[in-house]
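# Structural features, examined
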Amino acid sequence: MDKNNGNICQLLEMLDHPETYSEQEILDIINHDEDTRETYHLLVEAKRSSRQTDTPVDVDAAWKRFCQKHQPTQLRFGWLKIAAAFIGVIFFVGMAVAAIWSITSSFSSTSEGNDHQLLTLFGNNSPHRRGAERWAAEVVGDSTIVFDNVPLDQILPQIADFYHVTVDFRNNDARQLRFYFVWKPEDKIEVLIKKLNHFESLSVELKDNKIVVE
Amino acid sequence: MLEQPILEQLFRRNYSEMIRLARVLLGDDEEAEDVVQDVFLRVADSNVAPKNDGYLLIAVRNTCLNRIRQMKVHDQVKRLLPVETEIDLQHIDKQLERLDDIAAFVEERLEEPHRSIFLLRFGEDLTIAEIARRLGMNPNTTYKYLTQSIQQIKNHFKRS
């Protein structure tokens, strides 16, 4: 057996049972010399050539699989938004409870006898900084949220996330309209739209999973 | 994010070629699909479509080579994948052409039982002992024939 055939045999033996060789031994065999390296690469190509087939590819099925894989990313973001909205609500509640606790501890006599719990939270436009810009979200009872003097472009995105829809402001002036609005998350979206349309200055409709503000 | 209709058009136009390349390079259908989907996910997340379709094949090739690089040497040789991937950074068309030439050579120029032994070893991943058993041959003779076939292919492709 000549030297080249000896190298090929060694390669073939190693390829049959690579688990009996250490990583270094494998590399030593493959990199024994330039000729052996070339032979290994030729075997890699021989293997690849056997994989070349003209089997028809089902592109439709692949596209569906891709869409399924791709969509969860969007849904995941959707869930993140919902989770963020809930965290936001919990944060609101927590802050409001803290505010109430602080108010009640200072003015305990004013809250005594009140069976209606009113929680008020001041946003970034706190009256301490910008009195005219005061807005508040009030949480009443277990789930009802009252937006008090809150711009529409802050109310609607939060609510829309909850219903898995988006908001389309076709009338930019409507963004800054401020409302006192009571939102019950258990309301169906159609009920919400109806309630919003009770405001004279507002025209809202649900189109293709969008709350469209005209 | 790339618009869905543009993405779908790109996908439908290029998927077959991309999946074939990934299968050839990785030898694993599931992993190949994973690579191609991965490339399209990256395309989907970008704001602009690739400059040309060739980019998609290069992306598949590079993703496959990255995966191979990350494997352990034992897994690389068990699946007959390259342990050095630099050599694979040639023009994709030329590489595929060479694979076609090798397949044609095996089919047309190797005689029996050399051709069957070669195809059982590299097409069906049988060990020499398994091939010998299947063909009712002596394992040493099987080794000899396979070695001769490899030498013959080497000589042919060295010359060309």
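Note that the structure is predicted; figures quoted are calculated from it, not measured. Throughout, residues of each chain are indexed from 1 in the direction in which the sequence is written. The lettering of chains begins at A and the numbering of ligands begins at 1, in the order of writing. For this predicted model, a pLDDT threshold of at least 70 governs which residues receive local features, and a threshold of 80 or more governs which side-chain atom pairs are given and counted, while totals over whole chains, interfaces and linings are taken from all residues.

### Some thoughts on the overall build of chain A
Secondary structure elements follow DSSP: runs of H or I of four or more residues count as helices, runs of E of two or more count as strands, with numbering from the N terminus. Counting its regular elements, chain A contains 7 helices and 7 strands. Taken from N to C terminus, the helices and strands of chain A fall in the order α-α-α-α-α-β-β-β-α-β-β-α-β-β. Going through the 214 residues of chain A one by one, you find that 19% of them count as buried. For chain A, the proportion of contacts with a sequence separation of at least 24, taken over those separated by at least 6, is 50%. Residues with at least 20 neighbouring C-beta atoms inside 10 Å of their own are called buried, those with 12 or fewer are called exposed, and the rest are partly exposed, where every C-beta is derived from the backbone. What counts as a contact here is a pair of residues whose C-beta atoms, placed from the backbone, lie within 7 Å.

### Concerning the interface of chain A and chain B
The partner chain B presents 38 residues to the 33 residues of chain A that form the contact. Secondary structure elements with two or more residues in the side of chain A that touches chain B: α1 (3-16), α2 (23-30), α3 (34-51) and α4 (59-106) of chain A. Per element, the largest residue contribution to the side of chain A that touches chain B is 12 residues, and it comes from α3 of chain A. A breakdown of the residues in the side of chain A that touches chain B according to their chemical character gives 17 nonpolar, 8 polar and 8 charged. Gly is put with the polar residues, along with every residue not named as nonpolar or charged; the nonpolar set is Ala, Val, Leu, Ile, Met, Phe, Trp, Tyr, Cys and Pro, and the charged set is Asp, Glu, Lys and Arg.

### What to know about the environment of Arg-51 of chain A
In this fold, Arg-51 of chain A is placed in helix α3. In this structure Arg-51 of chain A comes out as partly exposed when scored by C-beta crowding, with 19 C-beta atoms within 10 Å. Here Arg-51 of chain A is in contact with Arg-23, Val-24 and Gly-27 of chain B, once residues within four sequence places are set aside.

### Considerations on the sheet that holds strand β4 (residues 166-169) of chain A
Residues and elements named next belong to chain A. Any two strands between which DSSP finds at least two bridges are classified as paired. The strand order across the open sheet built from 3 strands is β4-β7-β6, with neighbouring strands paired in mixed fashion. Both outer strands of the open sheet, β4 and β6 (204-207), are each paired with one neighbouring strand and no more. Going across the sheet, the axis of each strand differs from the next one's by a mean of 25°, ignoring polarity. Angles run from 0 to 180 degrees between N-to-C directions of axes, and those axes are lines fitted to C-alpha atoms, restricted for helices to the stretch in contact. Across the sheet, helix α6 (residues 152-162) is in contact with β4 and β7 (210-213); its angle to β4 comes to roughly 150°.

### Some words on the confidence of the model for chain B
This prediction gives chain B a mean pLDDT of 89; 96% of its residues lie at or above 70. Scored as a complex, the prediction yields pTM 0.59 and ipTM 0.89. One number per residue, pLDDT, summarises how confident the predictor is, and it ranges from 0 to 100.

### A short note on the packing of helix α6 (residues 114-122) of chain B against helix α7 (residues 128-135) of chain B
Residue and element names in this part refer to chain B. Axis separation between α6 and α7 bottoms out at 10 Å; the angle between their running directions is 135°. Compared by their axis directions, α6 and α7 come out oblique. For the pair α6 and α7, the sense of crossing is right-handed. Of the residues in α7, those touching α6 at Ser-116, Ile-117, Leu-120 and Arg-121 are Ile-131, Arg-134 and Leu-135. Along the lines of polarity and charge, the residues of the contact of α6 with α7 split into 4 nonpolar, 1 polar and 2 charged. Roughly parallel here means an angle under 35 degrees, roughly antiparallel means over 145, roughly perpendicular means 65 to 115, and every remaining angle is called oblique. Crossing chirality is assigned from the near helix's rotation relative to the far helix, an anticlockwise turn below a right angle marking it left-handed and a clockwise turn marking it right-handed.

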